[in-house]
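What follows is the residue order along each chain.
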Amino acid sequence: MTFLGTGYLGATYAICYAELGYEVLGFDPDVDKIEKLSGGEVPFHEPGLDELLRKNVASGRLRFSTSYQETADFGDVHFICVGTPQRANGLGAELGYVETCVTNLAQHLTRKALIVGKSTVPVGTAEWVEQLVGKNAKPELGIEVAWSPEFLQEGFAVDDVMRPNRIVVATKTDWANSLLHAAHKGVFDLAAVEDREVPVVNTDFATAELVKHAANAFLATKISFVNAMAEVCEAAGGDVTALSRALGHDPRIGNRFLQAGLGFGGACLPKDIRAFQARAQEIGAGEALRFLHEVELINLRRRQRVLNLAADLLSRRYGPAGPDLSGARVAVLGATFKPNTDDVRDAPALAVAGMLARAGADVHVYDPQGIENAKRALPDVTYAKSMVDAVTDAELVCVLTEWAEFRNADPVVLGDVVAAKNVIDGRNCLDVPTWKSAGWTIRALGRPTV
């Protein structure tokens, strides 16, 4: 099998499926990326993936190529894993990478094969891909198209590929269904060994495409809901952490994605809820997803709240243009959108660092994995080599990504190097009594002033 596109999605799947025993080829037109992968280097941070890459490249089960012809000749099942970023001139998804990939692959195929979409796409894309294949592949080959969306969580992606909580497949013929089932046999076999079941949802193209957008929209809504409750708690003097624990005990609600804080970011949720709204509008169902606009507004307000708290802790004026933090040294702990990744795309932590800098603060950022990516995205702040380096002489410390290093930091040790013991817990991940007893003034989103 082949995986076209070796970004986060395609590289992870290619490596994990080689580990499951398949003969795998990963394709990408990016020469540098392919050279890194071929040399055993994963071009992004994902726990456990580097070792699996080196192991399977060495075994010969996994290799990489920049050649469409080699890719077409190699595989019977071709997974499309290219990016679908937000359009430069709108909210919808840019499908140019999908079009280029499918068109070139189809032109080089010489035998019957199955093209399977994994990229997150607007509903209707699978039918369009069928049309692209019809225009570019030899009709006598009988190339078929299927769809099987991915549900990876950064930081947990290896397990999500090898031990998925569900597999969604959309096919139009028994041949395609049988071949796609065979392509997942390694997953089913591993589940049988571990005495687990992997639910399979067989459905149509439209539903398979909608599942991923619907899942991300629901998760984003849940996060923004608890952050809306944080706003209410701040006004009423309540504690959102206790509120979310109480809600989470209700089995109809559950406790996952109920952690109030700085909100969601990353490469998926923000762009996907925008693309979902845009596509719904195009097909005449825009009113149904109007609530997602408010979901995003709630999410963005959490970033501004950190700026407000910073002004309060530093006793700075808050004028019509925002607070004036000129000359204040502020440490920002965290740049990635979540821990256990180096992904800074649409990261709330990095966005707040930029807001603090624009307000005049002297911002020093530290992140265990995301520094290099952060430097490219936000070059106009100072980057520290360690947590202690970042907080030294700081008047304010902002914990904005819940890395274990920050959660477990010793407030006594940090208190010895800062200029003032002020901290904003943007992720509700610190032990408030411990920090308070160490002499810190702490503000946490959605919690009473302590």
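Each remark here, short or long, concerns the structure printed above.
Residues numbered from 1 in each chain as written. Predicted model: local features only at pLDDT ≥ 70, side-chain atom pairs only at ≥ 80, totals over all residues. Heavy atoms only, no water.

Caption draft 1: Representation of the nonpolar core within the structure. Formed by 44 residues in total, the largest nonpolar core has its most connected members in Met1, Phe3, Tyr17, Val24, Leu62, Phe79 and Leu180. The greatest single-element share of this core, amounting to nine residues, is contributed by helix H1 (residues 8–19). In contact with Phe3, not counting residues within four places along its chain, are Gly10, Tyr13, Ala14, Tyr17, Val24, Leu25, Gly26, Phe27, Phe79 and Cys81. Within the second largest apolar cluster, 36 residues are counted, among which are Leu325, Ala335, Leu378 and Cys398. (Core = buried A, V, L, I, M, F, W, Y, C linked by side-chain atoms within 4.5 Å. Buried < 20%, exposed > 50% of the residue type's maximum accessible area, 1.4 Å probe, protein only. Helix = DSSP H or I, 4+ residues; strand = E, 2+ residues; numbered from the N terminus. Contact = heavy atoms within 4.5 Å.)

Caption draft 2: Region of interest: the packing of aromatic side chains. The final tally for this structure, using the stated rule, is nine aromatic pairs. Measuring from ring centre to ring centre gives 6.1 Å for Phe3 and Tyr13, while their planes differ by 25°; the resulting arrangement is stacked. Taken together, the residues Phe3 in strand E1 (residues 2–4) and Tyr13 in helix H1 connect sequence positions 10 residues apart. Relative accessible area serves as the criterion here: at 0%, Phe3 is assigned to the buried category. What makes Tyr13 buried here is its relative accessible area of 7%. (Phe/Tyr/Trp six-rings, centres within 6.5 Å; stacked < 30°, edge-to-face > 60°.)

Caption draft 3: Focus on unusual backbone geometry. Phi is positive for Ser315, close to 55°, though the residue is something other than glycine. If you trace the backbone, Ser315 turns up in the loop between helix H13 (291–313) and strand E9 (318–319). One non-glycine residue, Asp346, lies in the positive phi region at around 50°. The topology assignment puts Asp346 in the loop between strand E11 (329–333) and helix H14 (348–358). Exposure remark for Asp346: the relative accessible area of 29% places this residue in the partly exposed category.

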